[in-house]
Amino acid sequence: MKKIIPHLPVGDKLSVIFIMAVILAVLVTQYAVNIRKDKDVARERMTREMVIVEQRLIFELADVEYAVSVMRPTAAHMLHHPDSLQALTHRMVRFISNLQAAGIAFEPYYFPEHGKWYEPSSWRKGNMIFDEQSGGPHHDYFSMDWYREGLTADPEHGHWTHPYQDNTQDDKWVTTFSMPLFDENDSIIGVIATDVALDTLRRVLKKSEPYKGSVCRLTDLNGHVIASSDSILPDPEKCFTDSMRVGNYDLMVHLSCPKKAIYGSTILMELLTLALMSVCIALLIWIGRHSIHSISELHEARESQRELEREMEVAHNIQMGILRTDFPPGVSAHLLPMQEVGGDLYDFCERDGALWFIVGDVSGKGVPAAMMMGATVTLFRNAVRRCEAPADIVSEINTTLSDHNPNLMFVTAFVGRLDLQHGLLTYCCAGHNPPVLNGEVMNIAPDIPIGFRSDYCYRQHNCLFPKGTRLVLYTDGITEARNQEHEQMGLDRLRDIIRSQDNGTAEKTVMCVIEAVCDFCEDCDQTDDMAVMCIVNDRAPQQPALTLSNTLSEVTRAKELLRDYCDALALTDKQSREMCLALEEALVNVVNYAYPEGHSGVIRLDIIASADNGRRRLVLVISDEGTPFDPTAQPEVNVGDAVNARQAGGLGILFYKTLMDEVSYRRSDDGCNILIMTKTFAN
Amino acid sequence: MKIDIRTQEHGVTVALAGEFDTIATTEMSDRLNEILELTDRPVTVDCSELEYISSSGLRFFMQLKRGSERRGGSVSLVGLNEDVKEIFRLSGFCNLFDIQ
């Protein structure tokens, strides 16, 4: 049986799921990495931008420091002309755009002529620069941070004050840079100071906009906003903000960038990623559900396969049940299907003192072959009840199977009728392997297999089957069985095995053949079914053979039987017809004259055919219980007589006496006429 | 056994086919009378399809010949195969009939 494996591409689906899952995992990772990367990139960019801002701020502030440090020696040279110091501060404010104001404050009474405070200074207001000596009780700079800290500051680097709101200058945020001022004796005589209007740094901040909508702010260390690139403060929720100190100054720069702007560049990519992920997830769900469906399908398929296997087991039992095993003496058979069911078949039946049998092989294997096998066996059983000849049985099976054979299957079969009592085998071979008769492969011209043409006329043949004759029938699964070297069992090997069993029973012969095939194949799996049948004639002939009533139609029946024997003896058509004529003439005489008209009587016919040492012999024995009549004692008819002179009878006796070698008559003790006719044929 | 009787202007042709055995002869008795009705003309029996003949079959021929001779007709046989001819020879019938 061919194993039915349902087509379920579950493996493919699982592969697809696996691939989709991998894609999804990659996408998720990429998405996470992207977000992280975006943040990193944004932060990096912001930091870079802030560093630029910071550097610019430092540059601006350093510009001031540089200016102060350059001015300081100039101021020191001008100490002899304190009034001209005013011009110096003016120039400073004028040329250094960042400067809100510049002043040079001296220690108390340094210039006694100017009193305790002396601070020539200049400041900017709009486009104007104003100069004045601002020190005085109203502006006691000695107590101010920028002055005190300036005095003690590092002489080389000076000092920057904390940013503060200068009440003298409209509360503007300023930071003051101050450096101590030395005289020629390197004594500290005052402080040179410059105010930087921090809001002027806004232009520096405004240059920095790494992302659209960015806001850059400058604060003091406490977070007081000194300057901002935008008047609107960013919403901390919607922005990424980064901060850094500006050099060593007490200033912080903050850069806030809207998240939207940062991710804006990658948002499309992320949307695409999200869309892809969604598609993947949807697909995964869909395939997952399908897979579950497939898995349940697979489960169902396995269930149905199990069901099928159970059914096949039942089918196997049914098929084995079809095969008869109640062998009569001298008959045995064995069938080995290679799958649960197969197409080989055998069957037999005893009827009218004859053994009717069939051995066949359906084309193909498995269930279809098994069904055909069942049909063939059934048809054989039906036909064997009615048919008188093996050819008729084959024809009947053939007609039925050919007419309803859409799949063009065919059956090879050997159907035989073995008249054990008379030792005559009549057979019809429909394309089947030639059986082995007495250790020799039968030389037969087979007819076509069953199932091809419903109108095919099958022929039948006869052969003598005397006591001791052994016939082995088989299917091609036996001869075509292969071993590990791919050699075939072959007909010669089979014949040799059968020959080795010359004296064994039919059962032993069958088992020997099966064992030999199994030994030959060893563990090789065979593809074809095997069947063997053995028939041994172990019955002594019983007399009489044919019992006839005294009617003319019985003569026809007797002639048909004789023809089979003639065929079995391989007589020519002419010889066969002559034997039939002799029998007919002898029988007609008995039918017509042995019993009184209107009385029924019995006529027995025995046909003994033998073929020993190349001499074929046919003996016909006719006996009746009628009126004693010795045909051999009758005067011979004169064949020279003219038509009108000829008598009605006599010709028949003439015929059989002429055609047979020997004709003898005797009246038995129990009151029977016994006519014995013998003919021997040379080869 | 088959018999085919064809009446022509110049005679009657009787074609026999198959086995002319005892059973066939009993079935042929009616056809014999039918042929005898026509024996005012020459009768030709075509035996080319005749495979077998028994003494009963020969008796049919004898009756045919007697009947036709009584009416002045004649019977001739054509197409006999060797086996049938052998029976005619064996029975001496070959001397009684015009065999061609």
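**A look at the overall build of chain B**
Here is step 1: Counting secondary structure elements, chain B contains 4 helices and 5 strands.
Here is step 2: Based on the C-alpha atoms only, the size of chain B along its principal axes is roughly 30 × 25 × 20 Å.
Here is step 3: The proportion of buried residues among the 100 residues of chain B is 54%.
Here is step 4: Long-range contacts, defined as pairs at least 24 residues apart, comprise 69% of the intrachain contacts of chain B with a sequence gap of at least 6.
Here is step 5: Put simply, chain B shows about 4500 Å² of open surface, and 42% of that area lies on carbon and sulfur atoms.
Here is step 6: Within chain B, one finds 11 positive and 17 negative side-chain charges whose respective centroids are separated by 6 Å.

**A short note on helix α7 (residues 390–403) of chain A**
Residue and element names in this part refer to chain A.
Here is step 1: Counted at 1.5 Å a residue, the expected span for α7 with its 14 residues is 20 Å, and the 20 Å between its end C-alpha atoms agrees.
Here is step 2: Pro390, Ala391, Ile393, Val394, Ile397, Asn398, Leu401 and Ser402 are the residues of α7 that are buried. Relative to the axis of α7, the buried residues are bounded by an arc of 155 degrees and lie together on one face.
Here is step 3: Buried residues belonging to α7 abut β14 (354–362), α6 (366–386), β15 (411–419) and β16 (424–430).

**Some details on the interface of chain B and chain A**
Interface size is commonly expressed as the accessible area that is lost once the parts come together.
Here is step 1: Contacts between the two partners involve 24 residues from chain B, matched on the other side by 26 residues from chain A.
Here is step 2: Taken together, the two surfaces of chain B and chain A that pack against each other cover about 2100 Å², and 59% of this comes from carbon and sulfur.
Here is step 3: Taken as a group, B:Tyr52, B:Asp83 and B:Leu90 account for 25% of the area that chain B buries against chain A, more than any other trio of residues on that side.
Here is step 4: Run the count over chain B and chain A and you get 4 salt bridges.
Here is step 5: Put simply, B:Asp21 and A:Lys559 hold a salt bridge, and the shortest N to O gap is 2.9 Å.
Here is step 6: One can count 10 residue pairs in polar contact (both at pLDDT 80 or more) joining chain B with chain A.
Here is step 7: The element best represented in the side of chain B that touches chain A is helix α2 (residues 55–70) of chain B, accounting for 7 residues.

**Regarding the packing of helix α11 (residues 552–568) of chain A against helix α12 (residues 573–593) of chain A**
Residue and element names in this part refer to chain A.
Here is step 1: Close contact between α11 and α12 brings their axes to 9 Å; oriented N to C, the two are set at 150 degrees. With respect to their mutual orientation, α11 and α12 come out roughly antiparallel. Handedness of the α11/α12 crossing: right-handed. On α12, the residues that touch Leu552, Val555, Ala558, Lys559, Leu562, Arg563 and Cys566 of α11 are Ser576, Met579, Cys580, Leu583, Glu584, Leu587, Val588, Val591 and Asn592.
Here is step 2: Grouping the amino acids of the contact of α11 with α12 by side-chain chemistry returns 11 nonpolar, 2 polar and 3 charged.

**Re a negative patch on the surface**
Residue and element names in this part refer to chain A.
Here is step 1: Residues Glu485, Glu487, Glu515, Asp519, Glu522, Asp523 and Asp525 make up a contiguous surface patch of negative charge.
Here is step 2: Along the chain, Glu485 turns up in the loop between α8 (476–479) and α9 (490–499).
Here is step 3: Looking at Glu485, the relative accessible area reads 57%, which means it is exposed.

**Some thoughts on the sheet that holds strand β22 (residues 546–549) of chain A**
Residues and elements named next belong to chain A.
Here is step 1: Read from one edge of the open sheet, 5 strands run β22-β23-β24-β26-β25, paired in antiparallel fashion. Each edge of the open sheet is held by one strand with a lone partner, namely β22 and β25 (662–667). Averaged over all pairs of adjacent strands, the angle between their axes in this sheet comes to 20 degrees, without regard to strand direction.
Here is step 2: Two elements, β25 and strand β26 (residues 673–681), share 6 bridges in a ladder whose sense is antiparallel.

**Considering the domain arrangement of chain A**
Here is step 1: We note that the domain assignment places domain 1 (1–281), domain 2 (323–536) and domain 3 (546–681) within chain A.
Here is step 2: Computed over C-alpha atoms only, the centres of domain 1 of chain A and domain 2 of chain A are separated by 110 Å.

**Things to note about empty space enclosed by the protein**
Here is step 1: According to the stated counting rule, one finds 2 cavities of 30 Å³ or more in the structure shown.
Here is step 2: Estimates place the volume of the largest cavity at around 110 Å³.
Here is step 3: Lining of the largest cavity is provided by A:Lys574, A:Arg577, A:Glu578, A:Leu581, A:Leu659, B:Glu51, B:Tyr52, B:Ile53, B:Asp83, B:Val84, B:Glu86 and B:Ile87.
Here is step 4: When contributions to the lining of the largest cavity are tallied by element, the ones reaching two or more residues are α12 of chain A together with β3 (43–53) and α3 (82–90) of chain B.
Here is step 5: Counted by class, the lining of the largest cavity contains 6 nonpolar, no polar and 6 charged residues.
Here is step 6: By volume, the second largest cavity amounts to about 50 Å³.
Here is step 7: Lining the second largest cavity are A:Lys39, A:Ala42, A:Arg43, A:Met46, A:Phe240, A:Thr241 and A:Asp242.
Here is step 8: Secondary structure elements with two or more residues in the lining of the second largest cavity: α1 (10–77) and β10 (239–245) of chain A.
Here is step 9: The greatest single-element share of the lining of the second largest cavity, amounting to 4 residues, is contributed by α1(A).
Here is step 10: Each residue belonging to the lining of the second largest cavity can be placed in one class, and the counts come to 3 nonpolar, 1 polar and 3 charged.

**Topic: the sheet that holds β16(A)**
Residue and element names in this part refer to chain A.
Here is step 1: An order of β13-β14-β15-β16-β19 is seen for the 5 strands of this open sheet, with the pairing classed as antiparallel. One side of each edge strand has no neighbouring strand; the edge strands of this open sheet are β13 (344–351) and β19 (461–464). Averaged over all pairs of adjacent strands, the angle between their axes in this sheet comes to 15 degrees, without regard to strand direction.
Here is step 2: For β14 and β15, the ladder comprises 8 bridges, and the chain directions are antiparallel. Across the sheet, Val362 pairs through a bridge with Val411, a residue of β15.
Here is step 3: Packed onto the sheet, α6 meets β13, β14 and β15 and runs at close to 15 degrees relative to β13.

**Overview of unusual backbone geometry**
For residues that are not glycine, phi is negative in most cases, and the peptide bond is trans in most cases.
Residues and elements named next belong to chain A.
Here is step 1: The backbone phi angle of Asp352 is positive, close to 55 degrees, even though this residue is not glycine.
Here is step 2: A positive phi angle is found at Leu408, which is not glycine, with a value near 50 degrees.
Here is step 3: Checked against the element boundaries, Leu408 lands in the loop between α7 and β15.
Here is step 4: Using a relative accessible area of 67% as the deciding quantity, one classes Leu408 as exposed.

**Quick look at the environment of A:Ile448**
Residue and element names in this part refer to chain A.
Here is step 1: Secondary-structure assignment places Ile448 in the loop between β18 (440–441) and β19.
Here is step 2: Among the residues examined, Ile448 registers a relative accessible area of 26% and is labelled partly exposed.
Here is step 3: Once residues within four sequence positions are removed from consideration, Ile448 is found in contact with Ala430, Gly431, Arg453, Tyr456 and Tyr458.

**Overview of the pattern of salt bridges**
Here is step 1: Applying the stated rule across the entire model yields 30 salt bridges over all chains.
Here is step 2: A salt bridge links A:Lys679 to A:Asp661, with the shortest nitrogen-to-oxygen separation between them at 3.6 Å. Linking A:Lys679 in strand β26 with A:Asp661 in the loop between α13 (651–659) and β25, this pair joins segments that are 18 residues apart in sequence.
Here is step 3: Take A:Lys679: its relative accessible area is 15%, and that puts it in the buried class.
Here is step 4: The exposure class of A:Asp661 is partly exposed, given its relative accessible area of 47%.
Here is step 5: A salt bridge links B:Asp40 to B:Arg41, with the nearest nitrogen and oxygen atoms 3.7 Å apart.
Here is step 6: We classify B:Arg41 as partly exposed; its relative accessible area is 25%.

**Focus: the nonpolar core**
Nonpolar side chains tend toward joint burial in soluble globular proteins.
Here is step 1: Counting residues in each nonpolar core, the largest one holds 79 residues, and the members touching the most others are A:Leu618, A:Ile622, B:Val45, B:Phe61 and B:Phe88.
Here is step 2: Here the element with the most residues in this core is α12(A); it accounts for 10 residues.
Here is step 3: In this view, A:Leu618 contacts A:Leu562, A:Tyr565, A:Cys566, A:Leu569, A:Met579, A:Ile607, A:Ile608, A:Ala609, A:Met677, A:Thr678, A:Lys679 and A:Phe681; residues no more than four positions away in its chain are not counted.
Here is step 4: Core analysis: the next-biggest nonpolar cluster, separate from the first, contains 54 residues, A:Leu323, A:Val384, A:Val411 and A:Leu425 among them.

**With respect to a nonpolar patch on the surface**
Residues and elements named next belong to chain A.
Here is step 1: The grouping of Phe18, Ile19, Val22, Ile23 and Val26 at the surface amounts to a nonpolar patch, some 450 Å² of accessible area in total.
Here is step 2: Tracing the backbone through its elements, the reader meets Ile19 in helix α1.
Here is step 3: Classification of Ile19 as partly exposed rests on a relative accessible area of 48%.

Calculation notes
- Residues numbered from 1 in each chain as written.
- Chains lettered and ligands numbered in written order.
- Predicted model: local features only at pLDDT ≥ 70, side-chain atom pairs only at ≥ 80, totals over all residues.
- Heavy atoms only, no water.
- Helix = DSSP H or I, 4+ residues; strand = E, 2+ residues; numbered from the N terminus.
- Buried < 20%, exposed > 50% of the residue type's maximum accessible area, 1.4 Å probe, protein only.
- Contact = heavy atoms within 4.5 Å.
- Areas by Shrake-Rupley, 256 points an atom, 1.4 Å probe, with all protein chains shown as cover.
- Lys, Arg positive; Asp, Glu negative; His and termini not counted.
- Charge placed at Lys NZ, Arg CZ, Asp CG, Glu CD.
- Expected span 1.5 Å × (residues − 1).
- Arc of directions from axis to C-beta.
- Buried area = accessible area lost by both parts, 1.4 Å probe.
- Salt bridge = Lys/Arg side-chain N within 4 Å of Asp/Glu carboxyl O.
- Polar contact = N/O pair within 3.5 Å; in protein donor to acceptor, adjacent residues only side chain to side chain.
- Axes fitted to C-alpha atoms, helices over the stretch in contact; angles between N-to-C directions.
- Parallel < 35°, antiparallel > 145°, perpendicular 65-115°, else oblique.
- Left-handed = near helix turned anticlockwise from the far one by under 90°.
- Nonpolar A, V, L, I, M, F, W, Y, C, P; charged D, E, K, R; others polar.
- Patch = residues over 30% accessible without salt bridge, like charges linked within 9 Å, V, L, I, M, F, W, Y side chains within 5 Å.
- Pairing = 2+ DSSP bridges.
- Domains from an automatic or database assignment.
- 1 Å grid on protein atoms, 1.4 Å probe; cavity = no way out; pocket = protein on both sides within 12 Å on 5 of 7 lines; lining within 4 Å.
- Points joined across faces, edges and corners; volume = space filled by probe spheres on them.
- Core = buried A, V, L, I, M, F, W, Y, C linked by side-chain atoms within 4.5 Å.

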